[in-house]
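Commentary on secondary and tertiary structure
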Amino acid sequence: MDNKAKSVDQATLDLIAKACTDCASTVFERAENMKPCPIGSEGSCCKGCSMGPCRMPIPKNKVETPEEHKKRRGVCGATIETITARNFARMVAAGTAAHSDHGRGVAELLLAVSKGEASGYEIKDEQKLLALALEWGVEIGNRSNNEIAKDVAILALNEFGKVEGELLFLKRAPIKRQEIWHREGVAPRAIDREVVEMMHRTHTGVDQDYENIFKQVARTALADGWGGSMIASELQDILFGTPTPVMSQINLGVLKKDEVNIIVHGHEPMVSEMVVAAAMDPEMLALAASVGAKGINLAGMCCTANEILMRHGLPIAGNFLQQEMAIVTGAVEAMVVDLQCIMESLPDVASCYHTKIITTSPKAMIKGAVHLEFDEHHALESAKKIVRLAIENFPNRRPNVMIPNFKSDLVAGFSHETINYLLGGMFRASYRPLNDNIIGGRIRGVAGVVGCNSARETHNAAHVAMVKELIKNDVLVISTGCSAMATAEAGLLVPEAAAKYAGAGLASVCEAVGIPPVLHMGACIDNSRILIAATMMVKDGGLGDDLADLPVAGAAPEWMSEKAIAIGEYFVASGVFTVFGVGWPTTGSKEVTDYLFNKVEAQLGGKWAYEPDPIKAAHLMIDHIDAKRKALGIDKARERVLYDMAKRRELE
Ligand code: BF8
């Protein structure tokens, strides 16, 4: 691949070139040297036992007869349908496990805080704690926040392994959606149980009916979206604050030449929240000055970046494919990582510079990194150790520093509470104005564009092209994860982007409310916020009585992670049409692929699609939105209602 085709972001291109000069090997180079296995990528390889691996690709250049298809089996007799379904199912189980184990960690921290065993942390959003306590039937009365939080944390932890009943958050969904889950037998019981059962049923010789496997796939993914991820988002808001709009900047140009640069990378905000506090500590600032630095500059990478952006307005250095690039600048004193989406190559890249890679979790160590295990019971002390190590590394900078002069402004912090408030005002917070604008036709529909970068595609290209096409066609975009960062780097996350890129209807609403056409809702676990926002749209009325009735669609145009597959599956199992790009992992079986792309809709209301061209994919979403508008009877032009401030006051 020509270097220019590796990214649409100039900062990244400049650093890819610098990495070559510095002899640092990066993901872009490795992707060129390692072609994807054609059999594995279509899901046709089974390595579930020692009789295989059995490789059963669709015969090339040849139409398979039914007889030949029948014979296409693994040594144990498994059909290609079972094998592709099992492979897909295990991706969903892994993705769900990752998000949910994160959620469990937050619940454990809340419990420790409530018992006074985690100094440095506190309950930042009392309102949200009380609302959740009320929802879960925890007594409030005259009890202290800590007493209430303790009960909430225990109930949250119980969601992972409870013996009876279903997940508590399922009750948040529209009634019709809950009925569909019960009708189809996919309502999740306990989070760990669904993951364990998924792994059991995909073991050799267990579930051998792919449609039955997919029931458990849906149940497992729902245990992520309406379970583990939702617990993580809710409890993080309680502990660290519910996001409200913040301005900040993104891209590698946020690094500073004359300051100690620390990058926090990964997913769980427990570490990064304390590193933020430690970096502001006068003792640390004095230490930085003593080594000749003008200050301490903290920036984020991947979803940890989204967490500290949403709550502190701290800048983002980049998304998934930019993690090595940050080190290649030569200006990063320390990259502090916790969990997930962390490239094992980081210490190797860092060996060409002075950067220290610091691992903090006993669950995720890397050979060649410095391991400073984070102790939540003495969090600030742990964080100071990390910051101190970074500061002491500042004098070791080598001469090969190059910080690209690229960064973009952005506005983030659109939790569903914030959207509610922005649209409806403090006294009548609601999604009514959004629904009215959808019914009236100014906003055509809503798209959730989420997910990763993939080194198999031009970095950020599909995110930016798809989102531009959607907003041009009056589709409001809500975004999370690396996708939100991609569009932020392209300048789409500022209110002015509405006038520049959005269709006239969407632009007029954005202008009246003062929001960008792309709303940053947070990290990947915060896709659960999208589920809640969609539920609120149903509950506010006029757009049907189920999530599947809404003129909405989802997409992950540059996905790479198993977590993305779990997210896509819980979108689908919640009734949402969801389009993925890059590649599709079940193409080894036409029958399974047809089930996911078509047949599943009759059962769950949502379905998958695969379209690598982002513009075509955007139009699949727009066509779906239009079909839903037609079914709702709102496809004809109607009186357009625009709720500006005067109109809102009138209502009040
Ligand atoms: O959880 S979008 S590359 S950083 S998996 Fe990873 Fe994908 Fe980025 Fe966040 Ni989500």
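This structure is a prediction, so every number in the text was calculated from the model and none was measured.

How each quantity is defined
- Residues numbered from 1 in each chain as written.
- Predicted model: local features only at pLDDT ≥ 70, side-chain atom pairs only at ≥ 80, totals over all residues.
- Heavy atoms only, no water.
- Helix = DSSP H or I, 4+ residues; strand = E, 2+ residues; numbered from the N terminus.
- Rg over C-alpha atoms; globule rule 2.2 N^0.38 Å.
- Buried < 20%, exposed > 50% of the residue type's maximum accessible area, 1.4 Å probe, protein only.
- Contact = heavy atoms within 4.5 Å.
- Areas by Shrake-Rupley, 256 points an atom, 1.4 Å probe, with all protein chains shown as cover.
- Lys, Arg positive; Asp, Glu negative; His and termini not counted.
- Charge placed at Lys NZ, Arg CZ, Asp CG, Glu CD.
- Pairing = 2+ DSSP bridges.
- Axes fitted to C-alpha atoms, helices over the stretch in contact; angles between N-to-C directions.
- Near = heavy atom within 4 Å.
- Polar contact = N/O pair within 3.5 Å; in protein donor to acceptor, adjacent residues only side chain to side chain.
- Nonpolar A, V, L, I, M, F, W, Y, C, P; charged D, E, K, R; others polar.
- Domains from an automatic or database assignment.
- Core = buried A, V, L, I, M, F, W, Y, C linked by side-chain atoms within 4.5 Å.
- Right-handed = clockwise from strand over helix to strand, strands pointing away.
- Donors = N, O, S within 2.8 Å, 3.2 Å for Na, K, Ca; no water.
- Tetrahedral: all angles 85-135°; square planar, octahedral: opposite > 155°, others 65-115°.
- Salt bridge = Lys/Arg side-chain N within 4 Å of Asp/Glu carboxyl O.

**Points about the overall build of the protein chain**
For the protein chain, the helix and strand inventory stands at 27 helices and 16 strands. Taking 652 residues into account, the globule formula puts the C-alpha radius of gyration at 26 Å, and the protein chain, at 24 Å, falls close to it. With the principal axes as the frame, the protein chain shows a C-alpha extent of 75 × 70 × 50 Å. Looking at the protein chain residue by residue over its 652 residues, the buried ones come to 62%. Within the protein chain, counting contacts between residues at least 6 apart in sequence, those at least 24 apart form 75% of the total. Surface summary for the protein chain: the accessible area is close to 24,300 Å², and the carbon and sulfur share equals 54%. Computing the positive centroid from 69 side-chain charges and the negative centroid from 81, the protein chain places the two 4 Å apart.

**What about the sheet that holds strand 15 (residues 577-580)?**
Pairing is parallel in the open sheet, where 6 strands are placed in the order 13-12-11-14-15-16. Each end of this open sheet is capped by a strand with a single partner; those strands are strand 13 (518-522) and strand 16 (608-610). Each strand of the sheet is rotated relative to its neighbour by a mean of 25°, with strand direction disregarded. Summarising the sheet, strand 14 (residues 552-556) and strand 15 pair through 4 bridges and their orientation is parallel. Bridge pairing links Ala555 to Val579 in strand 15.

**Section: the site of the ligand**
Contacts to the ligand come from His267, Cys302, Cys303, Phe320, Cys341, Gly451, Cys452, Cys482, Cys524, Met560, Ser561 and Lys563. His267 has a polar side-chain atom sitting 2.6 Å from an oxygen atom of the ligand. Among the residues forming the shell around the ligand, the class breakdown is 8 nonpolar, 3 polar and 1 charged. Composition of the shell around the ligand by domain shows at least three residues from each of domain 3 (252-396) and domain 4 (415-632).

**A few points about the nonpolar core**
Note that soluble globular proteins tend to have their nonpolar side chains buried in a common cluster. Within the largest apolar cluster, 208 residues are counted, with the highest numbers of intra-cluster contacts made by Tyr121, Val152, Leu235 and Leu470. Not counting chain neighbours up to four residues away, the residues in contact with Leu470 comprise Ala447, Val449, Val475, Val477, Ala618, Met621 and Ile622. Counting residues in hydrophobic clusters, the runner-up holds 5 residues, among them Cys46, Ala78, Ile80 and Ile83.

**Topic: the pairing of strand 14**
The buried fraction of strand 14 is high, at 5 of 5 residues. Side chains Val552, Gly554 and Ala556 project from strand 14 onto one buried face, and the interleaved Ala553 and Ala555 project onto a second face that is buried too. Sheet topology note: the strand 11 (residues 445-449)/strand 14 ladder contains 4 bridges and is parallel. Bridged to Val449 within strand 14 is Ala555. Read from strand 14 through helix 24 (residues 562-573) to strand 15, the crossover connection turns out right-handed.

**Notes on the coordination of the nickel atom of the ligand**
Of all protein atoms, just one serves as a donor to the nickel atom of the ligand, and that atom is Cys524 (SG), at 2.3 Å. Taken together, the 4 donor atoms surrounding the nickel atom of the ligand define angles of 90 to 159° at the centre, an arrangement classified as irregular. Among the secondary structure elements, Cys524 is positioned in the loop between strand 13 and helix 23 (527-540).

**Considerations on the pattern of salt bridges**
For the structure shown, the criterion picks out 39 salt bridges. Residues Glu194 and Arg219 are paired through a salt bridge, measuring 3.5 Å at the closest nitrogen-oxygen approach. Of this pair, Glu194 sits in helix 9 (residues 191-201) while Arg219 sits in helix 10 (residues 210-240); the two residues are 25 residues apart in sequence, bridging distant segments of the chain. Comparing Glu194 with Arg219 shows no difference in burial state: the two are buried. For the salt bridge of Arg311 with Glu307, the shortest nitrogen-to-oxygen distance reads 2.8 Å. One end of the pair, Arg311, and the other, Glu307, are both in helix 13 (residues 302-312), 4 residues apart, so they sit about a helical turn from each other. Arg311 gets classed as buried once you look at its relative accessible area, which sits at 14%.

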